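# Chains, contacts and geometry: an overview
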Amino acid sequence: MDTHDRITRMWCSPSAVDLFPPREREATSSVLVSTISRTSHRQSVQPAEGNQTQAAERSSVCSQGATMRLLDERIWLLFRRHLQQTLTYWSVFFSFGLCIAFLGPTILDLRCQTQTTLQQITWVFFSQQFFLLVGSTVGGLFKKTLLSSLSALFASALVISLVFAVIPLCHHVILLSVAMGVAGAAMGVIDTIGNLQLVRLYQKDSAVFLQALHFFIGLGALVSPLVVDPFLAENSCVLSANWTANSSGSDLEHLRNTLAGHGAPLHNASQYPLYTEGVVVTRVSYAFWIMAVINLPVPAAVLALMFHERLVRCCRSSPPLITKKPDISSHPTKEQQQGHGGLLDCCRPSNLQGHPATFFIIHALGGAIVFITDGIIGCYAGFVYTYAVSPPLLMGYKAAGCLDSVFWASITAGRLCFIFFSYRYAAPALLSVSLVGVILVQLLLLIFYSSHVFLFMATCVLGLCISSVFPSMLAFTEDVLDYKGSATIVLVTSASTGEMLLQLLVGSVIHSKGSYSFLLCTTITSFISFCLFLLLLYVHRVHRNLQTDSTPCLDMKDESKSGGS
């Protein structure tokens, strides 16, 4: 190993801050820079005699290659250092995806289990979404210490498994709504704590790992319908005395796909033979018990992490692992600890003093953007089937039923791809491309509104473009605000609120104006989100200039205090 590689490894190690004092780090930096420059000079001496342009290009390529090697080494060392923590948070978000995707396909079987009407059973959607918002809001309260955060994650993951196991025993819609509310609150806590912990671990390098974190949501959302599908009733699951087998097969499939959208409008629901009295023949209980077993390793992984960090009471005889390996990313400052509370905690007057107006504007703009984009995801997943089977498309039930799966599969694939892109490109560039892509796709959908093939193509491209907006916005906003932590709380809560409220608003517009208004609503909100993003970039520039101007003043105050003492 040559001198350049040894210096690279030493400088890129995340523990370099703890291993070397400031003077040695400065010396190491100067040696590294000189090494890179000497390497560039050797490769450009001979071409300089012939063609100076080629020499400059080769020198630039050499410097870029050295920089990329530095970044490669740093990211890899960070991942290896926090391997168990990172894998645990990813697995918890897989549990989140499992829980968020099972309700739509199973709603008719759950109606049979509770022997209720369609209007009554759809309240479980509202219960899950509302308490997910509540859990996201209060989730930051568990972030005071690592013990409290991991304990909350363990309890939430275990609650999800218990809810899966208990759902088959809920034979009344009120009990089912309570169970879904508890699961929604657990999901909200997972959403907030998982994002906060990953941002705290990796800070300026968190964009790559946030993309992977949200990829596991999509992975869980894909696995859940695959587990459920073999156990769904193909005909009416409540047999009445006047039941006929030839009157319910395709109608139930159409109704199930329509109800997959939370709050989707139901037209002429009375035409379907949905009996509330009779013999229940559903087998969906087995699907929930299988998912409960699949989810059990997740709380076990969180408990193993608590043992690894020596946070469990039986391990208290030895000091916690964090105190043996000090790390800036594991020990936030006092200001960061104050910001890592809940949504209401970060809005206390004591935490709001001393910040410029741009600090609050960045919070508001970031929250508004993810409010819209996550709302678009919820609206498109919820209403694309209704749009496809309505005039002018009039697509077949089976083909239209695939659109929702295609959309979620493209979101999952997009987050997987953006793991690499977020490593290569900055978050503002990725956000610009994603938001412009969302607008262009929806404009083309408005133009080619009668094409079945283009609807499938646009669904794929829309999922790819919009998949990375939330993790990229989270990484960008936290970086702008120096990882105070309050931005994560605001963004997670705003995203949950947008996913719930925009579906209700768009659903009411579709009910009154027709299915074509669905695309018009999402296109208008996409334009608004892009305009807000441009305003966010401008406010970011102003905020950075304010911080630059305030730094000399702070240095002068420190010097005057030291001189006075």
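What you are looking at is a predicted structure, and each value in this text was computed from that prediction instead of being measured. (Residues numbered from 1 in each chain as written. Predicted model: local features only at pLDDT ≥ 70, side-chain atom pairs only at ≥ 80, totals over all residues. Heavy atoms only, no water.)

### Regarding the overall build of the protein
Going by this rule: Strands are runs of DSSP state E lasting at least two residues, helices are runs of H or I lasting at least four, and both sets are numbered from the N terminus onward. Note on exposure labels: buried denotes an accessible area under 20% of the residue type's maximum, exposed denotes more than 50%, and partly exposed covers the range between, all computed with a 1.4 Å probe on protein chains only. We call two residues contacting when some pair of their heavy atoms lies within 4.5 Å. Where accessible areas are quoted, they stem from the Shrake-Rupley method and a 1.4 Å probe; at the residue level, only the protein chains shown are allowed to cover.
What the protein contains, in helices and strands, is 24 helices and two strands. For the protein, the residues scored as buried account for 52% of the 565 residues in total. When contacts within the protein are restricted to residue pairs at least 6 apart in sequence, long-range pairs at least 24 apart make up 81% of them. Here the protein displays about 25500 Å² of accessible surface, and carbon together with sulfur accounts for 65% of that area.

### Points about the packing of helix H18 (residues 357-389) against helix H21 (residues 452-466)
Cut-off, in case you're wondering: Lines fitted to the C-alpha atoms define the axes, with helices restricted to the stretch that makes contact. Angles between their N-to-C directions range from 0 to 180 degrees. Roughly parallel refers to an angle under 35 degrees, roughly antiparallel to one over 145, roughly perpendicular to one between 65 and 115, and oblique to any angle outside these ranges. Throughout, a crossing is termed right-handed when the near helix is turned clockwise from the far one, and left-handed when it is turned anticlockwise from it by less than a right angle. All amino acids are sorted into three groups, where Ala, Val, Leu, Ile, Met, Phe, Trp, Tyr, Cys and Pro are nonpolar, Asp, Glu, Lys and Arg are charged, and the leftover types, Gly among them, are polar.
Running from amino to carboxyl end, H18 crosses H21 at an angle of 165°, the nearest separation of the two axes being 11 Å. Regarding the angle of H18 to H21, the classification is roughly antiparallel. Considering only the axes of H18 and H21, their crossing is left-handed. From H18, Thr373, Ile376, Ile377, Tyr380, Tyr387 and Ala388 reach across to H21, where they touch Leu455, Thr459, Leu462 and Ile466. Of the residues contributing to the contact of H18 with H21, the split by class is eight nonpolar, two polar and no charged.

### As for a nonpolar patch on the surface
Rules: Nonpolar side chains (Val, Leu, Ile, Met, Phe, Trp, Tyr) within 5 Å and like charges within 9 Å form the patches, drawn only from residues with over 30% relative accessible area and no salt bridge. The working definition used for a salt bridge is a side-chain nitrogen of Lys or Arg within 4 Å of a carboxyl oxygen of Asp or Glu.
A surface patch of nonpolar side chains, about 710 Å² in accessible area, is lined by Trp123, Phe126, Phe130, Phe131, Val134, Val138, Leu141 and Phe142. Within the element layout of this structure, Trp123 appears in helix H8 (residues 123-138).

### Observations concerning the pattern of salt bridges
Applying the stated rule across the entire model yields two salt bridges. Across the salt bridge formed by Asp205 and Arg74, the nearest N and O atoms sit 2.9 Å from each other. Taken as a pair, Asp205 in the loop between helix H10 (173-202) and helix H11 (206-228) and Arg74 in helix H4 (residues 52-81) lie far apart in primary sequence, 131 residues in all. Two residues, Lys204 and Asp479, come together in a salt bridge whose shortest N-O distance is 2.9 Å. Of this pair, Lys204 sits in the loop between H10 and H11 while Asp479 sits in helix H22 (residues 469-480); the two residues are 275 residues apart in sequence, bridging distant segments of the chain.

### What to know about H22
What counts is decided by this rule: An expected span of 1.5 Å times one less than the residue number is assigned to each helix.
In this model H22 runs 16 Å from its N-terminal to its C-terminal C-alpha over 12 residues, within 8% of the 16 Å that 1.5 Å per residue would give. Burial runs high along H22: 11 of the 12 residues are buried. Those residues of H22 that sit buried are Val469, Phe470, Pro471, Ser472, Met473, Leu474, Ala475, Phe476, Thr477, Glu478 and Val480. Two residues or fewer after H22 comes Asp482, characterised by a positive phi angle close to 60°.

### A word on the nonpolar core
The condition is simple: Working definition of a nonpolar core: buried Ala, Val, Leu, Ile, Met, Phe, Trp, Tyr and Cys residues. They are joined through side-chain atoms within 4.5 Å. Where each domain begins and ends follows an automated or database-derived domain assignment.
Residues Tyr89, Phe102, Phe164, Leu455 and Met473 are the most contacted members of the largest nonpolar core, which totals 131 residues. When residues of this core are assigned to domains, at least three map to each of domain 1 (81-238 + 280-313) and domain 2 (356-546).

### Thoughts on the environment of Gly139
With respect to the helices, strands and loops of the structure, Gly139 is situated in the loop between H8 and helix H9 (146-166). In the structure, Gly139 is positioned 350 residues away from Ile489 in sequence and 8.2 Å away in space, judged by C-alpha atoms. When residues no more than four places from it in sequence are discounted, the contact partners of Gly139 are Val189, Thr192 and Ile193.

### Describing the packing of aromatic side chains
Stated formally: Any two of the Phe, Tyr and Trp rings considered here, Trp counted by its six-membered ring, make a pair once their centres fall within 6.5 Å; the pair's planes then place it as stacked at under 30 degrees, edge-to-face at over 60, or tilted in between.
A complete count under the given rule lists 24 aromatic pairs for this structure. Taken together, the aromatic side chains of Trp76, Phe79, Trp90, Tyr202, Phe209, Phe215 and Phe216 make up a single cluster linked through ring pairs.

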